Amino acid sequence: MSQQIDNLDIKLLQLLSDNARKPYLEIARETGVSGAAIHQRMSKLQQLGIVKGSETIIDHAAVGYSTCAYLGIIFKDIEHLDSLIDGLLKVPEVVECHLTTGQYDMIIKLYAKNNEHLLSVIREKIHTLNIGRSETIISFKEVFKRQLPIKEETIIG
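Residues numbered from 1 in each chain as written. Predicted model: local features only at pLDDT ≥ 70, side-chain atom pairs only at ≥ 80, totals over all residues. Heavy atoms only, no water.

Visitor: Requested: an account of the pattern of salt bridges, with residues and values cited.
Guide: Summed over the entire model, instances satisfying the criterion amount to 7 salt bridges. Between Lys 22 and Glu 26 there is a salt bridge whose closest N-O contact spans 3.9 Å. On the basis of relative accessibility, which here comes to 31%, the residue Glu 26 falls in the partly exposed class. Here Lys 22 makes a salt bridge to Glu 30, at a shortest N to O gap of 2.9 Å. Residue class for Glu 30 comes out partly exposed when judged on its relative accessible area of 41%. Within the structure, one salt-bridge network assembled from shared partners comprises Asp 6, Asp 9, Arg 41 and Lys 44. (Salt bridge = Lys/Arg side-chain N within 4 Å of Asp/Glu carboxyl O. Buried < 20%, exposed > 50% of the residue type's maximum accessible area, 1.4 Å probe, protein only.)

Visitor: Before we move on, can you summarise the packing of helix H1 (residues 7-18) against helix H2 (residues 24-31) with the specific residues and values?
Guide: A pair of packed helices is characterised by two quantities: the angle between their axes and the separation of those axes. Here H1 crosses H2 at 130 degrees, and the two axes come no closer than 11 Å. The angle between H1 and H2 falls in the class oblique. Of the two elements, H1 crosses H2, and the hand of that crossing is right-handed. Only Ile 27, Glu 30 and Thr 31 of H2 make contact with H1, whose side of the interface consists of Leu 8, Lys 11, Leu 12, Leu 15 and Leu 16. (Axes fitted to C-alpha atoms, helices over the stretch in contact; angles between N-to-C directions. Helix = DSSP H or I, 4+ residues; strand = E, 2+ residues; numbered from the N terminus. Parallel < 35°, antiparallel > 145°, perpendicular 65-115°, else oblique. Left-handed = near helix turned anticlockwise from the far one by under 90°. Contact = heavy atoms within 4.5 Å.)

Visitor: Before we move on, can you summarise the nonpolar core with the specific residues and values?
Guide: Counting residues in hydrophobic clusters, the biggest one holds 19 residues, and the most contacted among them are Ile 73, Leu 88, Met 106, Ile 108, Leu 110 and Ile 126. Sorting the residues of this core by element identifies strand S1 (67-75), helix H4 (81-89), strand S3 (106-112) and helix H5 (115-126) as the ones contributing at least two each. Residues within four places of Leu 110 in sequence aside, it is in contact with Thr 67, Cys 68, Ala 69, Leu 71, Glu 93, Val 94, Val 95, Leu 118, Val 121 and Ile 126. Formed by 13 residues, the second largest nonpolar core is a distinct cluster that contains Ile 5, Leu 12, Ile 27 and Leu 45. (Core = buried A, V, L, I, M, F, W, Y, C linked by side-chain atoms within 4.5 Å.)

Visitor: I'd like a description of the sheet that holds S3, backed by residues and values.
Guide: Read from one edge to the other, the open sheet built from 4 strands follows the order S2-S3-S1-S4, with strand pairing classed as antiparallel. On the outer flanks of this sheet lie strand S2 (94-99) and strand S4 (131-139), each paired with one strand and no other. Strand-to-strand, the axes of this sheet are offset by a mean angle of 20 degrees, without reference to chain direction. Across 8 bridges, S1 lies against S4 in antiparallel orientation. From the neighbouring strand, Ile 74 faces S4, where its bridge partner is Arg 133. On the sheet, H4 packs against S1, S2, S3 and S4 and is oriented at approximately 15 degrees with respect to S3. (Pairing = 2+ DSSP bridges.)

Visitor: Please set out empty space enclosed by the protein residue by residue, giving values where relevant.
Guide: A probe matching the size of a water molecule, rolled over the atoms, marks out where space remains unfilled. Under the criterion given, the structure shown has 1 cavity of 30 Å³ or more. Here the largest cavity is characterised by a volume of approximately 40 Å³. Around the largest cavity, the lining residues are Phe 75, Lys 76, Asp 77, His 80, Leu 81, Leu 84, Leu 129, Asn 130 and Ile 131. Class assignment for the residues of the lining of the largest cavity results in 5 nonpolar, 2 polar and 2 charged. (1 Å grid on protein atoms, 1.4 Å probe; cavity = no way out; pocket = protein on both sides within 12 Å on 5 of 7 lines; lining within 4 Å. Points joined across faces, edges and corners; volume = space filled by probe spheres on them. Nonpolar A, V, L, I, M, F, W, Y, C, P; charged D, E, K, R; others polar.)

Visitor: Give a description of unusual backbone geometry that names residues and reports values.
Guide: Positive phi values are uncommon outside glycine, yet Asn 130 reaches one of about 65 degrees. Of note, Asn 130 is situated in the loop between H5 and S4.

Visitor: An account of the environment of Lys 22 is needed here, citing residue identities and associated values.
Guide: Along the chain, Lys 22 falls in the loop between H1 and H2. Sequence separation between Lys 22 and Lys 44 is 22 residues, and the spatial gap between their C-alpha atoms is 18 Å. Not counting residues within four places of it along the chain, the set of residues in contact with Lys 22 comprises Leu 15, Leu 16, Ile 27 and Glu 30. Here the side chain of Lys 22 touches Glu 30 through a polar contact of 2.9 Å, side chain to side chain. (Polar contact = N/O pair within 3.5 Å; in protein donor to acceptor, adjacent residues only side chain to side chain.)

Here it is in structure tokens:
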């Protein structure tokens, strides 16, 4: 992959990781290349799978989901992993799912309106998916969240 991207691509990734909505023309001015070149570079980075899109970040609490929790899940039967994942995809409150090592087989992140709603989601939606058991960790506050900083040595080194 390192031969497929150069310093301009790295600069583009740095600028977009700071602000995914930054206009291509502004990026072109900052990098000293044409807007068309930036479009071509973005297409290349998307085709390589380095850039997977951009997103609008919604403040969950502002739309009524003030409780954030993580569930460590221990599988009941690994043979039903695909159906478990399919079931979790149908639970709109679940926003992330990670297969892990260590104490849990899987960790999921979910949002709920409050603790009562959280309990309902866990009991009525998640525990009906044939999991072994789970442990819930409630987040009091997200202190920070960021993109991986992009530096030349991150990709080329």
